[in-house]
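Examining the three-dimensional arrangement
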Amino acid sequence: MPTLAPRAIRAAHTATTITVYQAYSPAIGLPAARDGRFPPAWKRERMTWIKPSFLWMMYRCGWASKADQETVLAIEITRSGFDEALRGACLSHYEPGVHEDRATWQRSLRETSARVQWDPERDLHLNPLPYRSLQLGLSGPASRAYADAWTVAVRDVTPLAREIRSLLRSGEEPAARALLPVETPYAAGPLPHLGA
């Protein structure tokens, strides 16, 4: 089995798109899935975090059981938009060896509308794994571009989340695993400014 990079982007992707996940209340999630775009009630100025990892999203939303996270969306966005955000992003925390000093990091953080966190990836039972998964936070111009320019399609994958969880609870792990979205390494190029 190949060694996995400690920080790498793994995602469902095509030649032109990448799929990310978010969870919302039904008031936001259902209209977004129905219309294929975020509704006016979705606040385009707020920081929004997108996750290429389905299982990290399941960890975050408790398999669509947490309040205001009952609707899980798979959002297919343009690779060009995602890559643009990564190029301009800054780590959400200061990291020696990546940043020249704390003041330089703080300046970068103020100047960007995209930030990155590397969180432990999760297994099928939502236990942490020894390698990390990307979360990309978007605000201001990046958030607006995500909602209004980069989004190609929005699907409600709540039924999928619930089916996988039900199979796990029934002890049918192979059947649950077979339903997981296929996520493969995403070639974003070297990302030294993000510690990867």
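Before reading on, note that the structure itself is shown above.
Residues numbered from 1 in each chain as written. Predicted model: local features only at pLDDT ≥ 70, side-chain atom pairs only at ≥ 80, totals over all residues. Heavy atoms only, no water.

This brings us to the sheet that holds strand 2 (residues 17–24). With respect to topology, three strands assemble into an open sheet ordered 2-4-8, the strand pairing being antiparallel. The open sheet has two free edges, formed respectively by strand 2 and strand 8 (151–156), since each of these has just one partner strand. Mean inter-strand twist for the sheet, computed between neighbouring axes without regard to direction, equals 25°. When strand 2 meets strand 4 (residues 71–78), the two strands line up antiparallel, connected through eight bridges. Counterpart to threonine 19 in the pairing with strand 4 is glutamate 76. (Pairing = 2+ DSSP bridges. Helix = DSSP H or I, 4+ residues; strand = E, 2+ residues; numbered from the N terminus. Axes fitted to C-alpha atoms, helices over the stretch in contact; angles between N-to-C directions.)

The next thing to look at is unusual backbone geometry. Here the phi dihedral of tryptophan 63 falls at roughly 55°; this positive angle occurs in a residue that is not glycine. Residue position: tryptophan 63 is located in the loop between helix 2 (54–61) and strand 4. One non-glycine residue, alanine 64, lies in positive phi territory at about 65°. With respect to the helices and strands, alanine 64 occurs in the loop between helix 2 and strand 4. Judged by its relative accessible area of 4%, alanine 64 falls in the buried class. (Buried < 20%, exposed > 50% of the residue type's maximum accessible area, 1.4 Å probe, protein only.)

This brings us to the environment of valine 152. Among the secondary structure elements, valine 152 is positioned in strand 8. Between the alpha carbons of valine 152 and isoleucine 75 there is a distance of 7.5 Å; along the sequence they are 77 residues apart. Excluding its chain neighbours within four sequence positions, the residues that come into contact with valine 152 are Thr17, Glu76, Ile77 and Thr78. (Contact = heavy atoms within 4.5 Å.)

Buried residues of helix 1 (residues 26–35): Ile28, Gly29, Pro31 and Ala32, and no others. If you follow the buried residues of helix 1, they end up packed against strand 2, strand 4 and strand 8. Two residues or fewer past helix 1, glycine 36 is found with a positive phi of approximately 75°.

Glancing now at the nonpolar core. The biggest cluster of nonpolar side chains holds 33 residues, and the ones touching the most others in it are Phe82, Leu136 and Tyr146. Those elements that place two or more of their residues in this core are strand 2, helix 1, strand 4, helix 3 (79–88), strand 6 (114–122), strand 7 (128–138) and helix 5 (140–150). A per-element tally of this core places helix 5 first, with five residues. Setting aside anything within four residues of it in sequence, one finds tyrosine 146 in contact with Val20, Gln22, Phe38, Trp42, Thr48, Ile50, Ile75, Ile77, Leu138 and Thr151. Core analysis: the next-biggest nonpolar cluster, separate from the first, contains 20 residues, Leu55, Cys61, Leu124 and Leu167 among them. (Core = buried A, V, L, I, M, F, W, Y, C linked by side-chain atoms within 4.5 Å.)

Right, let's talk about the packing of aromatic side chains for a bit. Counted according to the given criterion, the structure contains eight aromatic pairs. Taken together, a centroid distance of 5.4 Å and an interplanar angle of 75° make the contact between tyrosine 21 and phenylalanine 54 edge-to-face. Taken together, the positions of tyrosine 21 in strand 2 and phenylalanine 54 in helix 2 put the pair 33 residues apart, joining distant regions of the chain. Here tyrosine 21 and phenylalanine 54 have matching classes, each one buried. Pairing tryptophan 56 with tyrosine 59 gives two aromatic rings, centres 5.6 Å apart and planes at 70°, and the pair type is edge-to-face. One end of the pair, tryptophan 56, and the other, tyrosine 59, are both in helix 2, three residues apart, so they sit about a helical turn from each other. Judged by relative accessible area, which is 7%, tryptophan 56 ranks as buried. An aromatic cluster is defined as three or more aromatic residues linked by ring pairs; in this entry it consists of Tyr24, Phe38, Trp42 and Tyr146. (Phe/Tyr/Trp six-rings, centres within 6.5 Å; stacked < 30°, edge-to-face > 60°.)

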